[in-house]
Amino acid sequence: MKEDRMKLLNQRIINKYTDKKIVIGHGNLNSSIMLIGEAPGSKEVEIGKPFVGQAGKHFEEFLQVLNIKRQDVYITNAVKFRPTKMNPKTGRLSNRTPTSREIDEFREYIDEEVSIVNPKIIVTLGNMPLKSIYRKNLKIGNVHGKLMEVEIRGIKYKVFPLYHPAAVIYRNELKDVYMADLRNLKKEIN
């Protein structure tokens, strides 16, 4: 049942965005933990799975701290294609933050994914996934590491916002905060 619903949802997304390379959610549809990232990067588009690029290395550390395996969670992104911009220095495409419009376009799909997986806890990774499920401009710096709640399609879900694993790459001072937040999340899921 869940598999059929997810296949239909993914096909709707692929059919709507025929001009984009779509990276659909991946993992255990019966997981009690659902992770929502921002958007795929170039490596994710190439391989077709979320969190396999540079941030994926930090994501593996994240899973180790929580003592869970990748196949035991469901992972998706707030936006299913890679948002890009032209890098003037290199002349190549580079990642950019999804726009509010892009987040809004995918909100219905995220709600449906949450409904299908029906996790005990949703872990948002960064500002954009937080914005995606709350429909308002919450800032990760204000709410990271705090257990919250959201209602999606009439059902209340626990939400645990975290900084995006890539944030630690660019802001080394977040490492200790991030690890402390992970330890708090571990308490919530155990």
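It should be noted that the structure appears before, not after, this text.
On a predicted model such as this, the values are computed, not experimentally measured, just so you know. (Residues numbered from 1 in each chain as written. Predicted model: local features only at pLDDT ≥ 70, side-chain atom pairs only at ≥ 80, totals over all residues. Heavy atoms only, no water.)

Colleague: Which residues make up helix 1 (residues 2-16), and what are the values?
Modeller: When the terminal C-alpha atoms of helix 1 are compared, their 21 Å separation across 15 residues agrees well with the 21 Å that a helix rising 1.5 Å per residue should span. Listed as buried for helix 1 are M6, L9, N10 and I13. Down the axis of helix 1, the smallest arc covering the buried residues is 95 degrees, so these residues share one side. Of the exposed residues in helix 1, those oriented more than 90 degrees away from the buried face are K7, L8 and N15. (Helix = DSSP H or I, 4+ residues; strand = E, 2+ residues; numbered from the N terminus. Expected span 1.5 Å × (residues − 1). Buried < 20%, exposed > 50% of the residue type's maximum accessible area, 1.4 Å probe, protein only. Arc of directions from axis to C-beta.)

Colleague: Provide a residue-level description of the side chain of R70, including the pertinent values.
Modeller: With respect to the element layout, R70 can be found in the loop between helix 3 (54-66) and strand 3 (74-77). Engagement of the side chain of R70 in a polar contact is seen with the side chain of E60, the distance being 3.4 Å. Apart from the residues within four sequence positions on either side, R70 is in contact with P50, F51, V52, F59, E60, L63 and I75. (Polar contact = N/O pair within 3.5 Å; in protein donor to acceptor, adjacent residues only side chain to side chain. Contact = heavy atoms within 4.5 Å.)

Colleague: If you had to explain the sheet that holds strand 6 (residues 121-125) to someone new, which residues and values would you point to?
Modeller: Taking strand neighbours across the sheet as the criterion, the 6 strands line up as 1-3-2-6-8-7 in an open arrangement whose pairing is mixed. Edge positions in the sheet fall to strand 1 (26-27) and strand 7 (148-152), since each has one partner strand and no second. Two strands pair when backbone bridges link them, and strand 1 and strand 3 are joined in this way by 2 bridges, in the antiparallel orientation. Bridged to H26 within strand 3 is I75. Its contacts with the sheet place helix 4 (residues 100-117) against strand 2 (33-37), strand 3, strand 6, strand 7 and strand 8 (155-162), and it is angled at close to 175 degrees to strand 3. (Pairing = 2+ DSSP bridges. Axes fitted to C-alpha atoms, helices over the stretch in contact; angles between N-to-C directions.)

Colleague: Can you break down unusual backbone geometry residue by residue, with the values?
Modeller: One non-glycine residue, F51, lies in the positive phi region at around 55 degrees. Residue classification places F51 among the buried residues on the basis of a relative accessible area of 5%. Even without a glycine there, the phi angle at N67 is positive, about 60 degrees. Here N67 shows up in the loop between helix 3 and strand 3.

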